[in-house]
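Observations on the three-dimensional arrangement
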Amino acid sequence: MQYLITHFSEFQLATVGTFLIHESIFFLSGLPSIYFERSGLFSKYKIQKKSNTSEAQEKCIVRLVLYHVCVNLPVMLVSYPTFRFMGLRSSLPLPHWSVIISQIIFYFILEDFVFYWGHRILHTKWLYKHVHSIHHEYATPFGLTSEYAHPAEILFLGFATVVGPALTGPHLFTLWLWMILRVLETVEAHSGYHFPWSPSNFLPLYGGADFHDYHHRVLYTKSGNYASTFVYMDWLFGTDKGYRKLRAIEEVEGKNY
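Everything numeric in this text was worked out from a predicted model, so none of it was measured. (Residues numbered from 1 in each chain as written. Predicted model: local features only at pLDDT ≥ 70, side-chain atom pairs only at ≥ 80, totals over all residues. Heavy atoms only, no water.)

**Description of the packing of helix H8 (residues 208-217) against helix H10 (residues 241-253)**
The geometry of a pair of packed helices is captured by two quantities: the angle between their axes and the separation between those axes. Where H8 contacts H10, the two axes come as close as 10 Å, and the packing angle between them is 110°. Regarding the angle of H8 to H10, the classification is roughly perpendicular. Handedness of the crossing formed by H8 with H10: right-handed. Along its contact with H8, which presents Asp210, Phe211, Tyr214 and Arg217, the element H10 presents Gly242, Tyr243, Arg244, Leu246 and Arg247. Considered class by class, the residues forming the contact of H8 with H10 number four nonpolar, one polar and four charged. (Axes fitted to C-alpha atoms, helices over the stretch in contact; angles between N-to-C directions. Helix = DSSP H or I, 4+ residues; strand = E, 2+ residues; numbered from the N terminus. Parallel < 35°, antiparallel > 145°, perpendicular 65-115°, else oblique. Left-handed = near helix turned anticlockwise from the far one by under 90°. Contact = heavy atoms within 4.5 Å. Nonpolar A, V, L, I, M, F, W, Y, C, P; charged D, E, K, R; others polar.)

Put into structure tokens, the structure is as follows:
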């Protein structure tokens, strides 16, 4: 961190630096699921038996690069003064580890709550047809489809990700760590694979790929499972009943879909 703040301005680090970190983590974590689909590797852990065509995968990548450069980067540039006003800093020393962890936990909880309601709104008839249906072009998701969405949705649901940091004014290091964890989480949820080492097997209340994959392959009016990270919001508001019913049937019949 010392090298970075010595050789680059805070503006450069908070905007271009954040963008480059996001792109690196996103594509490095998201590309493997494309390889898994094409090669058949780990096929026994694939949630859906269907696979995407190479053309569909390439279309996703091209549009993602376009969206990221034309939407994400400009938003980062424009929003920097707001984050600076709210207390964002890059100077040393770094915050105590307890502060970093508590802020990250707060961000996850708040993001999940805001995302849940925003996502439910996007599943109303008009917004789904004109905005959210873009994201649901891929009924069989793979890692990179996590950020494949209409530009309006990118801005709308992106608010859930930034509202926590905007409220607390974190250190840039904390902001980067939050972004990395959030990207890894959403890529895993869209990966299309449920491995023995998947986080949902070890973390209570964590949704993961199995939980979110159901959302993608069911008709939008009945899909449910709207939360981004955890399962308790859908449980509290009864929007996971279809998923729970399916899981109960599978446990009785001993089947996988």
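Anyway, onward from the coordinates.
**Let's talk about the UniProt feature "domain: Fatty acid hydroxylase" (unreviewed entry) in the protein**
Here the UniProt feature "domain: Fatty acid hydroxylase" (unreviewed entry) sits at residues 105-239. When the span residues 105-239 is considered, its composition is 56% helix and 0% strand, and the gap between its end C-alpha atoms is 24 Å. (UniProt positions renumbered as here; feature names shortened; annotations may be inferred.)

**What to know about the environment of Ser133**
Checked against the element boundaries, Ser133 lands in the loop between helix H5 (125-130) and helix H6 (151-168). Taking the C-alpha atoms as reference points, Ser133 and Leu92, 41 residues apart in sequence, are found 44 Å from one another.

**A closer look at the packing of aromatic side chains**
Two measures describe an aromatic ring pair: the distance that separates the ring centres and the angle between the ring planes. Taken as a whole, this structure holds 27 aromatic pairs when the rule is applied. When the centroid spacing of 6.1 Å and the interplanar angle of 55° are considered together, the rings of Phe106 and Tyr107 count as tilted. Ring centres 4.0 Å apart and planes at 10° place the aromatic pair Tyr128 and Tyr220 in the stacked group. You can see Tyr128 sitting in helix H5 and its partner Tyr220 sitting in the loop between H8 and helix H9 (232-236), a full 92 residues away along the chain. For the pair Tyr128 and Tyr220, a shared accessibility class is recorded, and that class is buried. A network of ring pairs unites the aromatic residues Tyr35, Phe36, Phe42, Tyr45, Tyr193, Phe195 and Trp197 as a single cluster. The ring of Phe115 carries the charged tip of Arg182 above its face, separated from the ring centre by 5.8 Å. (Phe/Tyr/Trp six-rings, centres within 6.5 Å; stacked < 30°, edge-to-face > 60°. Buried < 20%, exposed > 50% of the residue type's maximum accessible area, 1.4 Å probe, protein only. Lys NZ or Arg CZ within 6 Å of the ring centre and 35° of its normal.)

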